Amino acid sequence: MPAGMDTTGLRVRPGRSVNLRHYDPADTKPFKNKQKAAGQLENDIARLVALQDKLYAHDRWAVLLIFQAMDAAGKDSAIKHVMSGLNPQGTQVFSFKRPSDEELDHDYLWRTTKALPERGRIGIFNRSYYEEVLVVRVHPEILARQKLPASLVTDRVWTERYETINAFERDLARNGTLIRKFFLHVSKKEQRRRFLARLDDPAKNWKFEAADLAERDRWDDYMKAYEQALSKTSTNHAPWFIVPADHKWFTRLAIARLVVEALESLDLAFPKPSRAHLKELAEARKQLESGA
């Protein structure tokens, strides 16, 4: 991206109270249009591919990327485009839907903990444990299906979940997992346009469910839940980024740049061979050049 773009404006500072009305979902600064950004995404994807190679070889850090958004905000396409070209054996993508009966018999972090990335790999969560303070907060009746002891479901349940999530992410960070969290901020107007596009295109009909409209009717409730989650769980070791999502090309551009910046902050390097290994390499070269 050009030197003029400051991605720090997308970052939610720890302790900051978020008001999503102050964030423009259609913002594309510093680019006026897609044409002005030509080549930027490709450049960052190429850089990302090179950094992934180092991450895999370095084998000390794990990277966890979390994507949360309202329906039709473009999570799937952002993941697809930004992660294109990455080595599949170094990338893990998990999409979390409604919990299964087995998952409901465990604490809510259990199913995502099993899917955490190994060292040297990039793990991508398409939705995550944050659903527990988003959709569950908008629909508190879901708590009844989680089999929690009644005495534990108090007025502090959401505050306690924020505390648990922060402690969980702090522990991950202390053990070598770099965490970046992206909220794709789409406008209600743009969501409507994309829903209609799904209805008009037979190839996209499968993406639409009647329940999507019911959730859309709770838009204001979801915005409040997101504001609380973003405000309470953006930390120095696991920051949230509010990414404008009305223009998919810009969403992909911003995410690619943020991921590149994150990986560059790790100061990754290929392992240096030991003297014994260098000796082996020299001997191998000698044999190959001799025609053996």
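Conventions used here
- Residues numbered from 1 in each chain as written.
- Predicted model: local features only at pLDDT ≥ 70, side-chain atom pairs only at ≥ 80, totals over all residues.
- Heavy atoms only, no water.
- Helix = DSSP H or I, 4+ residues; strand = E, 2+ residues; numbered from the N terminus.
- Polar contact = N/O pair within 3.5 Å; in protein donor to acceptor, adjacent residues only side chain to side chain.
- Contact = heavy atoms within 4.5 Å.
- Phe/Tyr/Trp six-rings, centres within 6.5 Å; stacked < 30°, edge-to-face > 60°.
- Buried < 20%, exposed > 50% of the residue type's maximum accessible area, 1.4 Å probe, protein only.
- Salt bridge = Lys/Arg side-chain N within 4 Å of Asp/Glu carboxyl O.
- Pairing = 2+ DSSP bridges.
- Axes fitted to C-alpha atoms, helices over the stretch in contact; angles between N-to-C directions.

Draft legend 1. Examining the side chain of Lys 181 more closely. For Lys 181, the position within the fold is in strand E4 (residues 177-185). In this structure the side chain of Lys 181 is engaged in a polar contact, spanning 2.6 Å, whose partner is the backbone oxygen of Thr 233. Those residues within four positions of Lys 181 in sequence are excluded, and the remaining contacts are Ile 66, Tyr 130, Glu 169, Thr 233, Ala 238, Pro 239, Trp 240 and Phe 241.

Draft legend 2. Region of the structure containing the packing of aromatic side chains. Applying the stated criterion across every chain, the model contains 10 aromatic pairs. Here Phe 94 and Phe 96 contribute two aromatic rings whose centre-to-centre distance is 6.4 Å and whose plane-to-plane angle is 25°, an arrangement assigned as stacked. With a relative accessible area of 32%, Phe 94 lands in the partly exposed category. Residue Phe 96 is classed as buried on the basis of its relative accessible area, which comes to 8%. Ring geometry for Tyr 130 versus Trp 240: centroids 4.9 Å apart, planes at 70°, classification edge-to-face. Residue Tyr 130 is found in the loop between strand E3 (122-126) and helix H5 (135-138), and its partner Trp 240 is found in strand E5 (residues 240-244); the two are separated by 110 residues along the sequence.

Draft legend 3. Inspection of the pattern of salt bridges at higher detail. Counted by the stated rule, this structure contains 17 salt bridges. Between Arg 257 and Asp 44 there is a salt bridge, with its nearest N and O atoms 3.0 Å apart. Placement of the pair is Arg 257 in helix H10 (residues 248-264) and Asp 44 in helix H1 (residues 40-58), with a sequence separation of 213 residues. A relative accessible area of 5% places Asp 44 in the buried class. For Glu 190, the salt bridge is made with Arg 194, and the minimal N-O distance between the two is 2.8 Å. Here Glu 190 and its partner Arg 194 are both found in helix H7 (residues 188-200), 4 residues apart, which amounts to about one turn of the helix.

Draft legend 4. Local environment of the sheet that holds E5. The strand order across the open sheet built from 5 strands is E2-E3-E1-E4-E5, with neighbouring strands paired in parallel fashion. Since the sheet does not close on itself, it has two edges, and those belong to strand E2 (91-95) and E5, each with one partner. Ignoring which end each strand starts from, the neighbouring axes of this sheet average 20° apart. Strand direction decides the pairing type here: E2 and E3, joined by 5 bridges, are parallel. Of the residues in E3, the one forming a bridge with Thr 91 is Ile 122.

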